[in-house]
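Understanding the architecture of this molecule
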Amino acid sequence: MSHLLIYIIPGISDGAVYAIAALGLVLTYKTSGVFNFAHGAVIGAAAYLFYQFRDRQHMPWPVAAVLTLICVGIIGGLLLERLAYYLADAPTVMRVVATVGLLVGIDTLFTAIYGAQTLQFAPYLPQGGPEIAGVQVSAADFIITALALAGTAGLYLFFRRAKLGVAMQAVVDDPSLLSLQGTSPIAVRRLAWTLGASFAAISGMLFAPEIGIDVNDMTILAIAAFSAAAIGLFKSLPLTFLGAMVIGVGTSLLGDALQNVRNITIESIPPNLPFLLLFAVMLFVPRGKLVEQGIGRVRGFKPLRRYGPRIMLPIVALALAVGILIPNLVGAAYLNQYTTGLAYAVIFGSLALLLWTSGQISLCQLAFAAVGASTFAHALSSGMPWLVALLFAGLITVPLGVLVAIPAFRLSGIYLAIATFAFGIMLERLFYTTFLMFGSSDALELPRPRIFGLNLTSDKAYYYTVLVVVVLCCAVIVLVGRSRLGRLLRGLGDSPAALEAHGGNTKVTRLFVFCISAFLAGIGGALIVGVTQSASGTSGGTFDFTGSLFLLAVLAFCGRRPILSPFIAAFVYQVTKIYPFFRDPNVVKWEGVVFGALAIGVAIVPAITVPIRGRASLRRSQQAMTGIGLLPMPEFSA
Amino acid sequence: MTAQSDLRVDNMTVRFGGLTAVDSVTLEAKAGVVTGLIGPNGAGKTTIFNACAGAVKASSGSTWLGEVRLDHHGVARRASLGLGRTFQRMELFNSMTVNENVALGPETMFSSRRPWGQLWCSRRDGADVAERSRVAMQLCGISGLATRTVGDMPTGQRRLVELARAIATPFKFLMLDEPSSGLDVVETEKFGDILQKFVSETGVGVLLVEHDIALVSSVCSHIYVLEFGNLISSGAAAETLASDAVRSAYLGTDSVYSEVEQSDRAEVGSHA
């Protein structure tokens, strides 16, 4: 038993930190309907600020902790409340875009300031403590666990007993109604977000000494919190606490049980248990148990203006002419960047098909691309002709599209985004380094094409090869858009309920769109690795899961056109890098902040033009109710 | 022409946790006529709709479309078997034009007939969809709006688009959930005329949930009245609306009803 306790006790402590982070997440989601993908960034921000105050400004840790709580918990919470307010009526896609933009922006900001390396952080809580069944338990473990328990119990009682707690749950559904009852929805939302951000800040400060301070690790910590929240079905605080404990203790115990296993996939299961659990919950929890908060209030997208062939044909002809002339217009040194940009346009196109045409969210497009790239490399090395290998790379990603479509059958909106996010990370962490994908050496060599006796290995020839494939992919997207499936996809994006009410099988529609999207992303991935003639799944490299978040953020501010927007996005994301201004180290360092800010801007701009329901509105409502006798007249003192 | 069917609900009970929203309700809506389902807010009308359509699971009882029992089927399957519906809160394809909206109704239905139906549209299907859309838009008087984007249109026109889409789809029975909400008096009258014309021309039965008593009394031949999930009255429209039970439960005081009745009579007289 004492052998197990060695693993269980630190597991409980880790689980307690996950619980504190998850409580903040559930609290804000329950009260705003906005699932904060940037929760990890908030946790990271707290850890960095705590480091700044304690280690760089040499403040005593309690003072540093209070200052961090004020900066992240209160000021950060109030800023997040404003963001959530502007997102209250936004379509789910834009809510995801905004919070992903925030994540990208904050992560880039702190990486730019503190560098990409992990900052070491000395423990500050007392480490000594009693022995339990022969196992030394530190005071820090006791404090962290007590904090998590107190937080869970306190919030649970607050939601059930306090008037403000009940109001917090009502504010997401109908703030106007709440204001008519004399409770300010703004005050309720502010309290919820400051509490939520404070919980996130505390978890960041508690985890910093355990793992050091690193942007990616904090994002991973947040995903453990997502997982705990998923076990609590994103609403139950006690179940969230329990889920966090299962993750903490489970990770620790599994690490012990599998420490002698020499299989690369199995031995990487323990640290990746949170992602596995998150995806499993999304895959198996009944649909009715996951009800999206605040969805009844969302507005649709403004319909796009359509252009006839008289306008479109000249534009397409001009675009093709520019595409053909590019090798002659740009220097040879820059041509490969354009080729990569074209390949990215296919991946952006696959994402646009999901997002803008059918209203489905995917945060794992680069995982599809990675499968396409690695399969392409394997197929070429096995002697398969280039074109066949490319087609094979696309087709092999289709079953993955099916796998992701399974949660899409039952889930939509925010839950689908979470499921695809978990799937992307799971694939990267468990399979990228296996022989099925990039292998343990993490580098696959691949040749450029020789098709029908033509040598297309030069940069220029490869550019034209990619251009032809990209034009064909665009033709596929246009054909899908104009087909019956395209009309059904647009119907799915606008109103799945109406489609079902007319006999439409939305499961089949979702299955088709995910398969086509995965196929295109697979092709795009294969084309990308053809540029450098090597494929790698290195963390932080081309196919890193954070890249999928960047893609979403960039595509969001490039419009909602199915063909034009992916090309603009690819240009912004890849091709601009060849220009001196965009190669400046400072610009490279800060570009994520700009991408993030633009994504947030696109998501909230429609709400800013809508009249804001503030205190004046609340006062008017109360006056109106008083006037017609539904509220008592205020008493005036002499 | 598709054989039309009656809709029959036998002893339906719907519970949400401890709350019984619909309690042992039995009703029958015939093909070729409009049947009204009325009652105060919270009476359980939309719950019955949702249970018939498969969006809500009934705790007990059964739903029949003609001779076909629907209880074990999901929403899409019930619709493809011929049970159509509209929504209290309109569900339109806002990014599409009026013509595309109306056409997507029958096209969706046709796509469900074959496993690969979503990928492939035969020339015959295409022609059928176009013809059905044309006729439905003409009937609803929205042919002139065919190229307008639905998301930018006013409520009255959007209601007609939703009706046209339902009419264009080869349903055997239609359930309309408060179709006149948001319409003014003139629009409501026009809506009633279209509905009557559609029913008399096609023989499709309609179950109508509606708060507008003028519309109910003008188009319905038979009415069921619900209160707190229980059926409290049913029968021919005029007698049912005049019954004391309905007045006290739904219409409020005698004087209010009398005003409605008098204004309706006056209107009928002026038309005559």
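Residues numbered from 1 in each chain as written. Chains lettered and ligands numbered in written order. Predicted model: local features only at pLDDT ≥ 70, side-chain atom pairs only at ≥ 80, totals over all residues. Heavy atoms only, no water.

**Observations concerning the overall build of chain A**
- Of regular secondary structure, chain A possesses 27 helices and six strands.
- In terms of overall dimensions, chain A is globule-like: its C-alpha atoms have a radius of gyration of 26 Å, near the 26 Å expected for 638 residues.
- Taking the principal axes of the C-alpha coordinates as reference, chain A spans close to 90 × 70 × 50 Å.
- Counting across all 638 residues of chain A, residues that qualify as buried make up 56%.
- Contacts in chain A between residues at least 24 apart in sequence constitute 77% of all its contacts with a sequence separation of at least 6.
- Accessible area for chain A stands at about 25900 Å²; split by element, carbon and sulfur atoms hold 68% of it. (Helix = DSSP H or I, 4+ residues; strand = E, 2+ residues; numbered from the N terminus. Rg over C-alpha atoms; globule rule 2.2 N^0.38 Å. Buried < 20%, exposed > 50% of the residue type's maximum accessible area, 1.4 Å probe, protein only. Contact = heavy atoms within 4.5 Å. Areas by Shrake-Rupley, 256 points an atom, 1.4 Å probe, with all protein chains shown as cover.)

**Quick look at the overall build of chain B**
- What chain B contains, in helices and strands, is 10 helices and 10 strands.
- Computed over the C-alpha atoms, the radius of gyration of chain B is 19 Å, within 12% of the 19 Å expected from 2.2 N^0.38 for a compact globule of 272 residues.
- By its C-alpha atoms, chain B is 60 × 45 × 30 Å across when sized along the principal axes.
- Considering chain B as a whole, with its 272 residues, one finds that 49% of them fall into the buried category.
- Nonlocal contacts in chain B, meaning residues at least 24 apart in sequence, comprise 68% of its contacts between residues at least 6 apart.
- Accessible surface, chain B as shown: approximately 11900 Å² in total, 52% of it carbon and sulfur.
- Side chains of chain B give 25 positive and 31 negative charges; the mean places of these two sets differ by 10 Å. (Lys, Arg positive; Asp, Glu negative; His and termini not counted. Charge placed at Lys NZ, Arg CZ, Asp CG, Glu CD.)

**Observations concerning the interface of chain A and chain B**
- The interface is formed by 24 residues belonging to chain A together with 37 residues belonging to chain B.
- Summing both partners gives a buried area of about 2600 Å² for chain A against chain B, and 57% of it is carried by carbon and sulfur.
- Linking R306 of chain A and E100 of chain B is a salt bridge whose minimum nitrogen-to-oxygen distance equals 2.7 Å.
- Across the chain A-chain B interface, the total number found is 13 residue pairs in polar contact (both at pLDDT 80 or more).
- For the side of chain A that touches chain B, the elements supplying multiple residues, two or more each, are α20 (484-494), α21 (496-501) and α22 (506-532) of chain A.
- Top element by residues in the side of chain A that touches chain B is α20 of chain A. It accounts for seven residues.
- In the side of chain A that touches chain B, the residues fall into 10 nonpolar, eight polar and six charged. (Buried area = accessible area lost by both parts, 1.4 Å probe. Salt bridge = Lys/Arg side-chain N within 4 Å of Asp/Glu carboxyl O. Polar contact = N/O pair within 3.5 Å; in protein donor to acceptor, adjacent residues only side chain to side chain. Nonpolar A, V, L, I, M, F, W, Y, C, P; charged D, E, K, R; others polar.)

**Points about the pattern of salt bridges**
- Counting across every chain of the model gives 18 salt bridges over all chains.
- With a shortest N-O distance of 2.6 Å, D459 of chain A and R448 of chain A are connected by a salt bridge. You can see D459 of chain A sitting in helix α19 (residues 459-482) and its partner R448 of chain A sitting in the loop between β3 (444-445) and β4 (450-451), a full 11 residues away along the chain.
- Classification of D459 of chain A by relative accessible area gives partly exposed; the value is 30%.
- Its salt-bridge partner being R132 of chain B, residue D128 of chain B comes within 3.6 Å of it at the nearest N-O pair. Here R132 of chain B and D128 of chain B lie together in helix α4 (residues 123-140), a separation of four residues that amounts to about one turn.
- Overall, R132 of chain B belongs to the partly exposed group, its relative accessible area being 25%.

**A closer look at the layout of surface pockets**
Residue and element names in this part refer to chain A.
- Space inside the second largest pocket adds up to approximately 940 Å³.
- Breaking the lining of the second largest pocket down by element, the ones donating at least two residues are α4 (92-114), α9 (215-231), α14 (332-357), α22, β6 (534-535), α23 (545-556) and α26 (585-608).
- Per-element accounting of the lining of the second largest pocket gives the leading share, six residues, to α4. (1 Å grid on protein atoms, 1.4 Å probe; cavity = no way out; pocket = protein on both sides within 12 Å on 5 of 7 lines; lining within 4 Å. Points joined across faces, edges and corners; volume = space filled by probe spheres on them.)

**Regarding the packing of helix α2 (residues 39-56) of chain A against α4 of chain A**
Residue and element names in this part refer to chain A.
- Relative to each other, α2 and α4 sit at 25°, their axes nearing to 9 Å. With respect to α4, the element α2 is oriented roughly parallel. The chirality of how α2 crosses α4 is left-handed. Contact residues: A41, A45, Y48, Y51, Q52 and R56 in α2; L103, I106, D107, F110 and Y114 in α4.
- Each residue belonging to the contact of α2 with α4 can be placed in one class, and the counts come to eight nonpolar, one polar and two charged. (Axes fitted to C-alpha atoms, helices over the stretch in contact; angles between N-to-C directions. Parallel < 35°, antiparallel > 145°, perpendicular 65-115°, else oblique. Left-handed = near helix turned anticlockwise from the far one by under 90°.)

**Digging into α2 of chain A**
- With 18 residues, α2 of chain A should cover 26 Å at 1.5 Å per step; its first-to-last C-alpha distance of 25 Å lies within 8% of that length.
- Taken from the residues just after α2 of chain A, H58 of chain A is the one with a positive phi, measuring 55°. (Expected span 1.5 Å × (residues − 1).)

**Some details on a nonpolar patch on the surface**
Residue and element names in this part refer to chain A.
- Taken together, Y307, I311, M312, I315, V316, L320, I324 and V471 make up a surface patch of nonpolar side chains, about 650 Å² in accessible area.
- Broken down by element, the nonpolar patch gets its largest block of residues, six residues, from helix α13 (residues 309-329).
- Inspection of the secondary structure assignment puts V316 in helix α13. (Patch = residues over 30% accessible without salt bridge, like charges linked within 9 Å, V, L, I, M, F, W, Y side chains within 5 Å.)

**Describing the side chain of R165 of chain B**
- Along the chain, R165 of chain B turns up in helix α5 (residues 155-168).
- Of the side chains with opposite charge, E162 of chain B comes closest to the buried, unpaired R165 of chain B, at an N-O distance of 4.2 Å.

**Structural notes on the environment of R429 of chain A**
Residues and elements named next belong to chain A.
- For R429, the position within the fold is in helix α18 (residues 413-431).
- Assessed through its relative accessible area of 32%, R429 is described here as partly exposed.
- It is 9.2 Å that separates the C-alpha atoms of R429 and P271, two residues lying 158 residues apart in sequence.

**Some remarks on the nonpolar core**
- The biggest cluster of nonpolar side chains holds 208 residues, and the ones touching the most others in it are F37, F234, M282, F376 and L527 of chain A.
- The greatest single-element share of this core, amounting to 15 residues, is contributed by α14 of chain A.
- What F376 of chain A contacts, discounting residues up to four positions off in sequence, is W386, A389, L390, A393, L446, A526 and V529 of chain A.
- Counting residues in hydrophobic clusters, the runner-up holds 46 residues, among them M153, L176, L195 and V219 of chain B. (Core = buried A, V, L, I, M, F, W, Y, C linked by side-chain atoms within 4.5 Å.)

**A closer look at the environment of P407 of chain A**
Residues and elements named next belong to chain A.
- Inspection of the secondary structure puts P407 in helix α17 (residues 398-410).
- Under the relative-accessibility criterion, P407 is labelled buried at 1%.
- It is 9.7 Å that separates the C-alpha atoms of P407 and V281, two residues lying 126 residues apart in sequence.
- Once residues within four sequence positions are removed from consideration, P407 is found in contact with F279, M282, L283, L416 and A419.

**Re the sheet that holds strand β3 (residues 34-38) of chain B**
Residues and elements named next belong to chain B.
- Judged by pairing direction, the sheet is mixed, and its six strands sit side by side in the order β6-β7-β8-β3-β9-β10 without closing on themselves. Taken across any chain shown, the strands that pair with only one partner, and hence form the sheet edges, are β6 (83-85) and β10 (230-236). Within the sheet, the average angular offset between the axes of one strand and its neighbour, ignoring direction, is 20°.
- Across four bridges, β3 lies against strand β8 (residues 205-209) in parallel orientation. Counterpart to G36 in the pairing with β8 is L208. (Pairing = 2+ DSSP bridges.)

**Considering α4 of chain A**
- With 23 residues, α4 of chain A ought to run about 33 Å at 1.5 Å a step, and its terminal C-alpha atoms sit 33 Å apart, in line with that.
- Counting buried residues in α4 of chain A gives 20 out of 23 residues, a clear majority hidden from the surface.

**Structural notes on the confidence of the model for chain B**
Residues and elements named next belong to chain B.
- Here chain B shows a mean pLDDT of 88. Residues at 70 or above account for 90%.
- When pLDDT is averaged over each element of chain B, helix α3 (residues 98-111) comes out on top at 96 and helix α10 (residues 254-271) at the bottom at 51.
- Interface predicted TM-score (ipTM) for the complex: 0.89; the corresponding pTM is 0.86. (pLDDT = per-residue confidence, 0-100.)

**Some remarks on the pairing of strand β2 (residues 19-29) of chain B**
All names here are of chain B.
- Pairing between strand β1 (residues 7-16) and β2: seven bridges, direction antiparallel. Each residue of the ladder has a partner; that of V14, found in β2, is V22.
- The hairpin formed by β1 and β2 contains two residues between the paired strands, and G17 there has a positive phi angle of roughly 60°.

**Points about the packing of aromatic side chains**
Residues and elements named next belong to chain A.
- If you walk through the whole model with that rule in mind, you get 36 aromatic pairs over all chains.
- With a centroid separation of 4.9 Å and an interplanar angle of 15°, the aromatic rings of Y48 and Y114 are classed as stacked. Of this pair, Y48 sits in helix α2 while Y114 sits in helix α4, placing them 66 residues apart in sequence. Assigned by exposure class, Y48 and Y114 land together as buried.
- Considering the side-chain rings of Y51 and F121, the 6.4 Å spacing of their centres and the 50° angle between planes classify their relative orientation as tilted. Linking Y51 in helix α2 with F121 in the loop between α4 and β1 (131-132), this pair joins segments that are 70 residues apart in sequence.
- You can call Y51 buried: its relative accessible area is 12%.
- Each member of the aromatic cluster is reached from another via a ring pair, and the members are Y29, F35, F37, F226, F234, Y415, F421 and F545.
- Here the basic side chain of R82 rests over the ring of Y86, its NZ or CZ set 6.0 Å away from the ring centre. (Phe/Tyr/Trp six-rings, centres within 6.5 Å; stacked < 30°, edge-to-face > 60°. Lys NZ or Arg CZ within 6 Å of the ring centre and 35° of its normal.)

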